[in-house]
Amino acid sequence: MMTIAILGAALCTALLLLWPRLSGAPLWRATITPLASIIGSGFLVLGPILESAYGIWAPAVMAALCLGAWLFGAAVRANIARRAKGPRSAAEERLETLASWALAFAYVISVAYYLNLFGAFGTRLTPWNDPLHAKLLTSAMLLIVLAVGWTRGFGALERMEQVAVGLKLAIIAGLLAGLVLYFAGKLEESALLSNPPGVSGWAALSLGFGLIVTVQGFETTRYLGAEYTAPIRIRAMKLAQALSAAIYMAYIGLIAYVFPPGTGDQSETAIIGLMGLVAPILPLMLTAAALAAQFSAAVADTGGAGGLVEELTRRRIRVRSAYALLVALGLVLTWTLDVFEIIAFASRAFALYYALQSGIAALAARAEARRGTALAFEALALLGLVIAVFGAPVE
């Protein structure tokens, strides 16, 4: 019964995503890119982390992360609208250049994050499930990304990225269906749990700062201007953030009260073990989704970082050289840090980008004499800087 429900939900979602009236709609096409990014890698690692660290308060922490993402998204949306009106001030353009450099750096770290998850999930169900083999697989994938980007560019992989998005969303739908049934069974048995939090105080707050990357991805709408108008991109970001928040809240709400403390391991692939308790088919489905999603996300961010660096250096650093620098740094991160440390570094880098975007929005609001709005964006910029400084990894 459980397996049928999981496969049925995944199949129905896949068919819905293939429905021409949906897949061909401009708003949905603009929404897919940020939606897939927001609920990509974060979905794989976030559930076990929040359940273990925050216990009964995990849904509240998830809500706070979604709220923070929405507020930072408001700054990016304001900048999309402002840019569409015409030329901006010199100060805004200077901050935009700094933000672009911050985003390029964040992309570099996120590629290491994605491919380290690829390595961990790729070895999880094999006899070589250990950190050394995971890092070796990650290193091999980094070199493959470099080889493809250097010799052919990433155009050949764009179709795979589109397929990976649909596969990931369909499998997430199946996972949620399985969790609903599992939660309902525990509720019927009066076996729901109220787990105490594993961290508190400043440690809990700084850990939350270090998880902002798990709800990152909405900013990709900012860079779709060649394909979509500003109003479409603003609506698409709102829709992507609303849908991802609903998915995340359902996911964390279902997972937070059904597993006793200490269930599963404390690794980045802990979700595989937990979902194996729900249904035997879920580990295989999640592994397939993880491998496809992490590789496609790494390809997308490698291309984005290379293009940004070439543009920002006025082609003094060509895109292929940027790929080589990115892969070199990715290899350093892979062999010197664990995945949770890379997640925290990525969170800090994206928080700096969001702080700069909030600063740009504040300057625009000041120029338009909207003092209250400017103060709100300035406070948001300060929050981004605090997260960039104090975000902490999972211990």
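Shown above is the structure to which this text applies.
Note that the structure is predicted; figures quoted are calculated from it, not measured.

## A closer look at the packing of helix 9 (residues 201-209) against helix 15 (residues 371-390)
Here is step 1 of the chain: Where helix 9 meets helix 15, the axes come as close as 8 Å, and the angle between the chain directions of the two elements is 105 degrees. If you check the angle between helix 9 and helix 15, you find them roughly perpendicular. Where helix 9 abuts helix 15, its residues Trp202, Ser206 and Phe209 lie against Leu383, Val386, Ile387 and Phe390.
Here is step 2 of the chain: Across the contact of helix 9 with helix 15, the residue classes break down as six nonpolar, one polar and no charged.

## Quick word on the packing of aromatic side chains
Given two aromatic rings, one states the distance between the centres and the angle between the planes to describe the pair.
Here is step 1 of the chain: Counted under the stated rule, the structure contains nine aromatic pairs.
Here is step 2 of the chain: Ring centres 5.4 Å apart and planes at 85 degrees place the aromatic pair Trp202 and Phe390 in the edge-to-face group. With Trp202 in helix 9 and Phe390 in helix 15, this residue pair connects regions lying 188 residues apart in the sequence.
Here is step 3 of the chain: Overall, the relative accessible area of 49% leaves Trp202 in the partly exposed class.
Here is step 4 of the chain: Exposure remark for Phe390: the relative accessible area of 42% places this residue in the partly exposed category.

## What to know about the environment of Gly307
Here is step 1 of the chain: Among the secondary structure elements, Gly307 is positioned in helix 12 (residues 281-312).
Here is step 2 of the chain: Classification of Gly307 by relative accessible area gives partly exposed; the value is 31%.
Here is step 3 of the chain: Measuring from C-alpha to C-alpha, the distance between Gly307 and Phe259 comes to 44 Å, with 48 residues separating the pair along the chain.

## Section: the packing of helix 6 (residues 90-124) against helix 14 (residues 339-367)
Here is step 1 of the chain: Direction vectors running N to C along helix 6 and helix 14 enclose 160 degrees, while the axes themselves pass 8 Å from each other. When the axes of helix 6 and helix 14 are compared, the pair comes out roughly antiparallel. In this structure, helix 6 crosses over helix 14, and the sense of that crossing is left-handed.
Here is step 2 of the chain: Residues belonging to the contact of helix 6 with helix 14 are distributed by class as follows: 26 nonpolar, four polar and two charged.

The rules behind the values
Residues numbered from 1 in each chain as written. Predicted model: local features only at pLDDT ≥ 70, side-chain atom pairs only at ≥ 80, totals over all residues. Heavy atoms only, no water. Axes fitted to C-alpha atoms, helices over the stretch in contact; angles between N-to-C directions. Helix = DSSP H or I, 4+ residues; strand = E, 2+ residues; numbered from the N terminus. Parallel < 35°, antiparallel > 145°, perpendicular 65-115°, else oblique. Contact = heavy atoms within 4.5 Å. Nonpolar A, V, L, I, M, F, W, Y, C, P; charged D, E, K, R; others polar. Phe/Tyr/Trp six-rings, centres within 6.5 Å; stacked < 30°, edge-to-face > 60°. Buried < 20%, exposed > 50% of the residue type's maximum accessible area, 1.4 Å probe, protein only. Left-handed = near helix turned anticlockwise from the far one by under 90°.

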